[in-house]
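Structural description and commentary
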Amino acid sequence: MNFSELFKQTNQLSKFSPNGKYMGNCVQYRLLVRDVKTLQILQLYTCLDVVQCIEWSSDSLYILCGMFKRGIIQVWSLEKPDWTCKIDEGLAGLTAVRWSPDGRHILSTADFQLRISVWSLVSKSVSYIKYPKHANAGLDFSKDGKYMALAERRNCKDYISIFHCSSWQLVKHFEVDTKDLADLAWSPDGRVLCLWESLLRYELLLYSLDGRCLSRYSAYEFALGIKSVCWSPSSQFLAIGSFDEKCRILNNVNWKIVAEHHHPHTVDSPSVIVYKEVEMKPPLLRGEMMPPGGFTVQSKYEVQPVPFQLPSVKPDAEKPNPKLGVGQVAFSNDNRFLATKNDNMPNALWVWDLPKLCLTAILLQSNSVRAFQWDPKQPRLALCTANNKLYMWSPAGCVSVVVPTEAPFHVTSLQFHPDGNILMLLGKDQMCLCFLTDPRT
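Sequence order as written defines residue numbering, which begins from 1 separately in each chain. Only residues with pLDDT of at least 70 get local features here, since the model is predicted, and only at 80 or more are side-chain atom pairs given and counted; chain-wide, interface and lining totals rely on the full set of residues. Side-chain calculation: all heavy atoms of the structure are included, whereas hydrogens and water are not.

**A look at the overall build of the chain**
What counts is decided by this rule: The secondary structure listing takes helices from DSSP runs of H or I that are at least 4 residues long and strands from runs of E that are at least 2 residues long, numbered from the N terminus. With C-alpha atoms as the basis for the radius of gyration, the globule rule is written as 2.2 Å multiplied by the number of residues raised to the power 0.38. In what follows, a contact means two residues having at least one pair of non-hydrogen atoms within 4.5 Å. Throughout, the Shrake-Rupley method with a 1.4 Å probe supplies accessible areas, and for residues the shown protein chains are the sole cover considered. Positive charges are assigned to Lys and Arg, negative charges to Asp and Glu, while His and the chain termini are left out of the count. A charged residue contributes its charge at one atom only: NZ of Lys, CZ of Arg, CG of Asp or CD of Glu.
From N to C terminus, the chain includes zero helices and 41 strands. The C-alpha radius of gyration computed for the chain amounts to 23 Å, which stays within 12% of the reference 22 Å derived for 441 residues, consistent with globular compactness. Counting only C-alpha atoms and orienting by the principal axes, one finds that the chain spans roughly 75 × 55 × 50 Å. In the chain, the proportion of contacts linking residues at least 24 apart, taken out of those at least 6 apart, comes to 44%. For the chain, the exposed surface amounts to about 21100 Å²; the carbon and sulfur share of it is 51%. Across the chain, 47 positive and 42 negative side-chain charges occur, with their mean positions spaced 1 Å apart.

And the structure:
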């Protein structure tokens, strides 16, 4: 691994472009576009206010900046530095903004979900979509970019509208059998639309494009329900993380449960490898003084014997959104593994073997797991715990690496490059790149 120097950033607004050539990051009201290989600044744009959101277009030729406080969107072109575009929502306000799949239309959501505006960079026209139910949820594009599904609320009922992204014409509109629709997600093959209820009711529904309900699933009643949903890249499986500390896997043949993964407090299976992070502080020699910034605490993983007791946190019943249940689920790109995080065991990350339908490894960290992401090219998992280390897991084992920086730098989020050979490490107000070398080459 090789690490770059630290760069300034604000609100973790740093993203790789879809083609992998550029990296955009914001520092207050300035947007910097760097070359990923050389890290040289290619463009420096000055926005009208502090930026709250940045998004790349699908072809990496444009990048937008959302300034929600002022209701303004600014769009910048990498090919034509002198070209500028400003979208002012005015009194309607701005709560969310995103690109359409073609990279030439921008969808902005007004305050109080009054409407969604579709702005065209080609014809400079605008059209409106009424009745969106949510600002940052309830909207998804099919992977091929042909269709957009939108959750709507009309007359106290939930509806789904499907639009064709080339003309923005309404293709299908139908009522769905939900009490309070929380979100939706297309299957990667674009054949099925998955909907699920709010956390107060456990119910998940699957619809075809023509509005037919293919199946519905409910694991239990009268308790907090679905917390996270994730499709496998092949569309064969649908993972549902629940408040009862279980992750259920549905198959796409008959939409029945093929696996129910528990997150027990005691692991006793000899086939499960428990990796525990052990910190090692260097000893002080006689007469040696402690450095001003303190010693860099190294750490390593040690395999623990089973049975092994996992630490857990009891959620506060008096507070909303309890830290309980499977809140994060992610499939590896090759569909071999599934990673889950049970929120009342914040220091543990669980890795499941999909073909064998069993638990294969547990990573027990010294601190809470803040973020994790799969390598887009191979079964390799990266995670961070808000300290100065980067952790990685693969079927071959685990590794812990200290990020070598002069100033204190705690990794709170991370992002893989589209090629999988670079990791972006984000802290509170700084970031750096980690260049990974592939041992197979």
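There is more to say, and it comes next.
**Some details on the pattern of salt bridges**
Short version of the rule: The salt bridge criterion pairs a side-chain nitrogen of Lys or Arg with a carboxyl oxygen of Asp or Glu, the two atoms within 4 Å. Categorising residues by exposure relies on relative accessible area from a 1.4 Å probe, with only protein chains included: less than 20% of the type maximum marks a residue as buried, more than 50% marks it as exposed, and the intermediate range marks it as partly exposed.
Under the counting rule described, the total for this entry stands at 18 salt bridges. Between Arg 104 and Asp 59 there is a salt bridge, with its nearest N and O atoms 2.8 Å apart. Taken together, the positions of Arg 104 in the loop between strand 11 (96-99) and strand 12 (105-109) and Asp 59 in the loop between strand 7 (53-56) and strand 8 (62-67) put the pair 45 residues apart, joining distant regions of the chain. On the accessibility criterion, Asp 59 (29% relative accessible area) is partly exposed. Across the salt bridge formed by Arg 154 and Glu 152, the nearest N and O atoms sit 3.0 Å from each other. Using a relative accessible area of 28% as the deciding quantity, one classes Arg 154 as partly exposed. In this structure, a network of salt bridges that share partners links the residues Asp 177, Glu 197, Arg 201, Glu 203 and Arg 216.

**Concerning the environment of Lys 21**
Note that Lys 21 resides in the loop between strand 3 (14-16) and strand 4 (22-27). For Lys 21, a relative accessible area of 51% translates into the label exposed. Considering only alpha carbons, one finds Lys 21 and Arg 34, 13 residues apart in sequence, at a separation of 8.6 Å.

**What about the sheet that holds strand 35 (residues 371-374)?**
The pairing of strands in a sheet comes from backbone hydrogen bonds and takes either a parallel or an antiparallel form. Selection criterion: Each pair of strands is called paired provided DSSP finds at least two bridges between the two strands. Structural elements are reduced to axes, namely lines fitted to C-alpha atoms, with helices fitted over the stretch in contact, and the angle between N-to-C directions of any two is expressed from 0 to 180 degrees.
Strands sit in the order 35-36-37-38 across an open sheet of four strands; the sheet is antiparallel. In this open sheet, the two strands that pair with only one neighbour each are strand 35 and strand 38 (397-402). Going from strand to strand, the sheet's axes swing by 20 degrees on average, the running direction of each strand aside. Relative to strand 36 (residues 381-384), strand 35 is paired through four bridges, and the arrangement is antiparallel.

**Description of the sheet that holds strand 22 (residues 213-217)**
Judged by pairing direction, the sheet is antiparallel, and its four strands sit side by side in the order 19-20-21-22 without closing on themselves. Each edge of the open sheet is held by one strand with a lone partner, namely strand 19 (181-186) and strand 22. Going from strand to strand, the sheet's axes swing by 20 degrees on average, the running direction of each strand aside. Relative to strand 21 (residues 204-207), strand 20 (residues 193-197) is paired through four bridges, and the arrangement is antiparallel. Following the sheet pairing, Leu 195 is matched in strand 21 by Leu 205.

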